[in-house]
2 protein chains.
Amino acid sequence: MAPTVDQQQETTTTTGNFSSDDLKALCRAIEPEDAAIRQQAQARLDNLTKPRGSLGKLEMLAARTCAITGRLDCHLSRKVILTFAADHGVTEEGVSIFPPEVTCQMIHNFLGGGAGVNVLARHAGAEVRVIDVGAAGDVEAPGLIKRKVRPGTANIAKGPAMSEDEALAAIRVGIDSARDAIADGAGILGTGEMGIGNTTPSAALFAALLPVPVGQVTGLGTGLDERARQHKVRVIEQALAVNQARLARPLTALAAVGGLEIAAICGVILEAAKSRVPVVVDGFISSAGALAAMRLQPLARDYCFFSHMSAEQGHKIFFAEMELEPLLHLDLRLGEGTGAALAMGLMEAGLKIMNEMATFDEAGVSPSEN
Amino acid sequence: MAPTVDQQQETTTTTGNFSSDDLKALCRAIEPEDAAIRQQAQARLDNLTKPRGSLGKLEMLAARTCAITGRLDCHLSRKVILTFAADHGVTEEGVSIFPPEVTCQMIHNFLGGGAGVNVLARHAGAEVRVIDVGAAGDVEAPGLIKRKVRPGTANIAKGPAMSEDEALAAIRVGIDSARDAIADGAGILGTGEMGIGNTTPSAALFAALLPVPVGQVTGLGTGLDERARQHKVRVIEQALAVNQARLARPLTALAAVGGLEIAAICGVILEAAKSRVPVVVDGFISSAGALAAMRLQPLARDYCFFSHMSAEQGHKIFFAEMELEPLLHLDLRLGEGTGAALAMGLMEAGLKIMNEMATFDEAGVSPSEN
């Protein structure tokens, strides 16, 4: 493991290095969803007291969750949102209207229960776990999971964000966090993040891995104006130029222009997919992590539920290019896992439809004529 | 009151007639939302630990709910979905793939807790009240609110669905149902309906009151094929031709080509607006009731939250013509109040954001530079 990994982590265990071969082995262990169970789930849904398909995407959510878990009697049980915090050297280029110290301040806010994700997770009956995978400052707070790989990335406009070993270590943090949550009984995971400046590496990753022109995936972040957005486009174009040689493969691209929380989210998704646990992807930044995961192993897609279409320009490009559809369209652009929390409520609703609605026979209702 | 009104109703009280003058008085009693409270609510939202506006429509939901209730410390408390059942004489034209007796069978299913709306209401922590405002059959079931105005409408393809007095009586059933729920502590109401064939009168009302061509607002209902849809278009065109003289005013149009449950929903919305209680409008059929309410009193719009864009063709025309935006896009087309139940969860999430999130000061988080 890279020497920059913080050895003080308290609540998860890491043994030995995590190599690119280990990553390949994890990807090879991921299997497609269970198509037979999906058909059986849809057959059950079709026999419930409603016109066929009339609960639209709720039915899809239920059938997909059954196909993922391989069970028809599927309950989400414990719901856990994993919120990874990290900083970004590229903030020195003036790409955010918030100062970098807000990342650490928000970690305290998460642990105090006052942030958006806390409120929406409580509403959904989900637990929030906060993992420091790369905040620039030292944070000591009860409940914080300390897995700092390095104190923020380097400035991507001047070179790679981190080494490949560091990216692997951050992926490993995500894997461990997912594994721990599943061991604790989580039946569904949500991704979340906090990192001032992190729409910039996310846009860089979309541009590199979709691939699409930088301008299409670069938005206003937490509140830039159009002139500042143009500057951000130039910074990202410079980052892609400086790191050009590293952009051909997903892992090296993630290390070159990504972020520590983005790499951790990539790890969560791969581990959830391997473990056949549904994972709800939050917004723009989480989607960058999901894109890296899907480029490493396209089957990871089967396990991801994309919670919402962010107001951040470029998210729609991601969905269009990947032929994916988000669940919610609420103009959210907060991150943290807020969209994942809302979408978990819909997924639970879909499963309850499957598990609790009466069939035509049970209710004595006449089926349709066709 | 029309002599066809069932006097056996058990759980609500109706005294005297409800005339068109009474309806006008109710409409005059509706005031606009409180713009000053809405501004104060947005100011509080802007001071929470998130970039301004970054919770998008959740913030709008919270601010609008404050503006409706006139309170900044706003909680939804008890949530009640009012599901009105009624039958439609136009089913004899072959406009639905389900037989009309399903309306009564589904009333039993609602009261047994096995229908879609029951499952989703339980998920949202909402109560479902089932009101027979015009089922064709006699239904006796514990918990049913019996307010039958007449046993189904007449066939709109051959004449008016009901008399103006009957339409007023059905509106009154909605008013009473809303008033009773509010008296019982409901802080938010949802609309719902059950009525085999009721996309047909709904499409007729959209065509008459928006107004738009019939073909644009006539869809597949619970599962017609394209040929059957074309037949449905012709039936509705005939209904509009036969009832031409009655389509100029909203009340007479509602009586001529509407339905008893649609009129009741119109009444719920007007009473909720008068009482400054937010009302969540379900899908295609509920929107027809909402359209009638908004044509009777345009200010009713301030009190309505449109839960979702139905998969039923024509719902998007309604939203476009009225310049309204639905909350969810889940391809639902079940009705009953299922979309209202899901949207109530989002509205509660928005209010919790308002009430539970920490401010920048409280959390010691640095605000943005602009």
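Draft legend 1. Representation of the domain arrangement of chain A in the model. All names here are of chain A. If you check the domain split of chain A, you get domain 1 (5–19 + 77–345) and domain 2 (26–74 + 354–363). On a C-alpha basis, the centroid separation for the pair domain 1 and domain 2 is 30 Å. In this assembly, 20 residues from domain 1 lie in contact with 15 residues from domain 2. The junction of domain 1 with domain 2 conceals about 1600 Å² of combined surface from both sides, 65% of it contributed by carbon and sulfur atoms. On the domain 1 side of the contact with domain 2, R276, D302 and F305 bury the most area, a combined 35% of that side's loss. The tally of links between domain 1 and domain 2 comes to two salt bridges. Note that E31 is salt-bridged to R276, the shortest N-O span being 3.7 Å. Summed over the shared surface of domain 1 and domain 2, the result is ten residue pairs in polar contact (both at pLDDT 80 or more). The biggest single contributor to the side of domain 1 that touches domain 2 is helix α11 (residues 260–274), with four residues.

Draft legend 2. Region of interest: the side chain of D282 of chain A. Residues and elements named next belong to chain A. Within the element layout of this structure, D282 appears in the loop between β5 (279–281) and α12 (284–296). No salt bridge is formed by the buried D282. Its closest oppositely charged neighbour is R333, at 13 Å. Here the side chain of D282 touches G339 through a polar contact of 2.8 Å, landing on its backbone nitrogen. Residues contacting D282, with those up to four places away along its chain left out, are T191, E193, S307, H308, G335, E336, G337, T338, G339 and A340.

Draft legend 3. The sheet that holds strand β5 (residues 279–281) of chain B, seen in detail. Residues and elements named next belong to chain B. Spatial strand order, β3-β2-β1-β4-β5-β6: six strands in an open sheet with parallel pairing. On the outer flanks of this sheet lie β3 (145–146) and β6 (304–306), each paired with one strand and no other. Across two bridges, strand β2 (residues 127–134) lies against β3 in parallel orientation. For D132, the partnering residue across the bridge sits in β3 and is K146.

Draft legend 4. Examining helix α1 (residues 20–28) of chain B more closely. Residues and elements named next belong to chain B. By the burial criterion, the buried members of α1 are L23, L26 and C27. Take α1 and look down its axis: the buried residues cluster within an arc of 100 degrees, on one side only. Exposed residues pointing more than 90 degrees away from the buried face of α1 are listed as D21 and R28. Buried positions along α1 lie against α6 (164–183), α10 (250–257), α11 (260–274) and α12 (284–296).

Draft legend 5. Molecular detail of the pattern of salt bridges. The final tally for this structure, using the stated rule, is 42 salt bridges over all chains. Ionic pairing is found between R122 of chain B and E356 of chain A, a salt bridge with its closest N-O pair at 2.9 Å. In this pair, R122 of chain B is assigned in helix α5 (residues 116–124) and E356 of chain A in helix α14 (residues 338–356), connecting two distinct chains. Using a relative accessible area of 33% as the deciding quantity, one classes E356 of chain A as partly exposed. The closest approach of N and O atoms between K232 of chain B and E312 of chain B, which form a salt bridge, is 3.7 Å. One end of the pair, K232 of chain B, is in helix α9 (residues 226–242); the other, E312 of chain B, is in the loop between β6 and α13 (315–322), and 80 residues separate them in sequence. What makes K232 of chain B buried here is its relative accessible area of 0%. Judged by relative accessible area, E312 of chain B falls into the buried class, the value being 5%. Through salt bridges that share partners, R78, E127, R129 and D184 of chain A make up one connected network.

Rules used in this analysis
Residues numbered from 1 in each chain as written. Chains lettered and ligands numbered in written order. Predicted model: local features only at pLDDT ≥ 70, side-chain atom pairs only at ≥ 80, totals over all residues. Heavy atoms only, no water. Domains from an automatic or database assignment. Contact = heavy atoms within 4.5 Å. Buried area = accessible area lost by both parts, 1.4 Å probe. Salt bridge = Lys/Arg side-chain N within 4 Å of Asp/Glu carboxyl O. Polar contact = N/O pair within 3.5 Å; in protein donor to acceptor, adjacent residues only side chain to side chain. Helix = DSSP H or I, 4+ residues; strand = E, 2+ residues; numbered from the N terminus. Buried < 20%, exposed > 50% of the residue type's maximum accessible area, 1.4 Å probe, protein only. Lys, Arg positive; Asp, Glu negative; His and termini not counted. Pairing = 2+ DSSP bridges. Arc of directions from axis to C-beta.

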